[in-house]
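One letter stands for each residue in the lines below.
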Amino acid sequence: MKYHIIAFGCQMNISDSERVSTILEKLKYKKTSNINEANLIVVVMCSVRQSAVDRVHGLAHKFKKLNPKIKTILTGCVLQKDRKKFENSFDYVIDIKNISELFKIARQQVSQDPRRRASMAAAKRRGAPRTEQVRAGGRSVSAETWLPSSYLDITPKYSNKFSATVPIMTGCNNFCSYCVVPYTRGREISRPAKEIICEIKNLVKNDYKEIWLLGQNVNSYKDGKTNFPKLLKMVNNIPGNFTLCFITSHPKDFSDELIKTMKNCKKLSKRLNLPIQSGDDEILKKMNRPYTVAQYKTLVKKIRKAIPDISLSTDIIVGFCGETKKQFQNTVKTLKEIGFDMAFVNKYSPRAGTAAAKMEDNVPWAEKKRREKVLIELINEK
Ligand code: 5AD
Ligand code: SF4
């Protein structure tokens, strides 16, 4: 049996797709890059912008046309309102945290494979175990015994031999007014520090040179007394030659303790993504981002003072509800003043169910595109 996997969106989705691969490969599926020879296709989708959702709609039709017998699974960030429609075009739509469901579906398909049926029948005749066996900790155990209770505890099938992503938390409690993440991924859940350290030690042992700690808001990581700076110190103390990176941070949770820790952690990369989203105080308020431009600038000053050679990137949304030309100019001005090394510019895309969906999306698309171009040119001037 072969599977093909497609992941859209952020690094968290890519990391999730690596965990999906682990499950499928434990059930002896083989990965294929050729859709035509796949028995199963898994799409890990992103709902942050409508364009990403539209792309998945197009894909679902393509798969079924290609091969009506192919089984299709949709997972990742799926909005409730899109779910019904996707249930018509995909065979299964499942919550990424619900790994036992994915496991069940995949195993059912495997058990219907004529070759697998024949080998199970032969195993029965030999008196060998009739349940699906997987290798874990150097032993052969039944597949159910191996399945961890939390999806984050599955060791991913890392898709890169040099750099690995390690989720430390998932979900978000911030409810920025434009964002679907708190609805698609739910509230924040932090992984036990012990598990994280164990995974990273293994990666370092296997010669990984770049470790990315992942989370929608890594700064609010909490496992008992271990907060994010303490976790960074623990990872930094793991012996070995590797670089440590993290993504992404909310300015409101960027503490002095974190800045001091960053300064002292020798393995920490000198790159930081700190999304500002807008350079206008009124827009920030409407976005439910609880800081002002002045506070953001003070924070950047502190970070640069502690780590002078830091390379700073940011995320910006242009054309948010009611953003006037003057407010956009404030963003241009702020960008010039701060002098980011990189900026990821997004045109505002209304998302059903969010607080901003109730506000008027009154900046025309062409104007959003114009504003996006202005910022991209500004950043490229650097
Ligand atoms: N429209 C446009 N951009 C968005 N982002 C999040 N939600 C939206 C939306 N509705 C952007 C933010 C965030 C990045 C991951 O995606 O800038 O930081
Ligand atoms: Fe979305 Fe805001 Fe949470 Fe980031 S901090 S995931 S933008 S709600």
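Refer to the structure above for everything that follows.
Nothing here was measured: the structure is a model prediction, and the numbers come from that model.

About the thresholds
Residues numbered from 1 in each chain as written. Chains lettered and ligands numbered in written order. Predicted model: local features only at pLDDT ≥ 70, side-chain atom pairs only at ≥ 80, totals over all residues. Heavy atoms only, no water. Pairing = 2+ DSSP bridges. Helix = DSSP H or I, 4+ residues; strand = E, 2+ residues; numbered from the N terminus. Axes fitted to C-alpha atoms, helices over the stretch in contact; angles between N-to-C directions. Near = heavy atom within 4 Å. 1 Å grid on protein atoms, 1.4 Å probe; cavity = no way out; pocket = protein on both sides within 12 Å on 5 of 7 lines; lining within 4 Å. Sits in = over half its atoms within 2 Å of the grid points. Buried < 20%, exposed > 50% of the residue type's maximum accessible area, 1.4 Å probe, protein only. Arc of directions from axis to C-beta. Polar contact = N/O pair within 3.5 Å; in protein donor to acceptor, adjacent residues only side chain to side chain. Contact = heavy atoms within 4.5 Å. Points joined across faces, edges and corners; volume = space filled by probe spheres on them. Nonpolar A, V, L, I, M, F, W, Y, C, P; charged D, E, K, R; others polar.

1. Details of the sheet that holds strand β17 (residues 342–347)
On the basis of which strands lie adjacent, the open sheet formed by three strands has the order β15-β16-β17 and parallel pairing. Only two strands of the sheet have a single partner each, and these edge strands are β15 (271–273) and β17. Ignoring which end each strand starts from, the neighbouring axes of this sheet average 15° apart. Note that β15 and strand β16 (residues 311–318) share three bridges and pair parallel. Each residue of the ladder has a partner; that of Leu-272, found in β16, is Leu-312.

2. A short note on the site of ligand 2
The environment of ligand 2 is formed by Cys-172, Asn-174, Phe-175, Cys-176, Tyr-178, Cys-179, Val-181, Pro-182, Gln-216, His-250 and Arg-289. More than half of the atoms belonging to ligand 2 lie within 2 Å of the grid points that define the largest pocket.

3. Quick look at helix α9 (residues 228–236)
Buried within α9 are the following residues: Phe-228, Pro-229, Leu-231, Leu-232, Val-235 and Asn-236. Buried residues in α9, looked at end-on, bunch into an arc of 160°, giving them a common side. Where α9 starts, the residue carrying a side-chain oxygen 3.0 Å from the main-chain nitrogen of Lys-230 turns out to be Asn-227.

4. Thoughts on the sheet that holds strand β8 (residues 163–167)
Strand order in the open sheet made by the three strands is β8-β11-β14, with parallel pairing throughout. The sheet terminates laterally at β8 and β14 (243–247), the two strands that pair on one side only. For this sheet the average axis-to-axis angle between neighbouring strands, irrespective of direction, equals 25°. Note that strand β11 (residues 210–214) and β14 share five bridges and pair parallel. Bridged to Glu-210 within β14 is Thr-243. The sheet strands contacting helix α8 (residues 193–205) are β8 and β11, and the helix crosses β8 at an angle near 170°.

5. Side note on empty space enclosed by the protein
Space left empty within the atom packing is revealed by a probe, the size of a water molecule, rolled over the atoms. Using the criterion set out here, one finds two cavities of 30 Å³ or more in the structure. Empty space within the largest cavity amounts to approximately 70 Å³. Looking at the largest cavity, it is lined by 13 residues, and the ones nearest its centre are Val-20, Ile-23, Ile-96, Ile-99 and Leu-102. No other element matches helix α1 (residues 11–26), which puts four residues into the lining of the largest cavity. When its volume is computed, the second largest cavity comes out at roughly 40 Å³. Every residue lining the second largest cavity is listed: Gly-76, Asp-95, Ile-96, Lys-97, Thr-184 and Arg-185. Split by residue class, the lining of the second largest cavity holds one nonpolar, two polar and three charged.

Shape descriptors only; they carry no functional weight alone.
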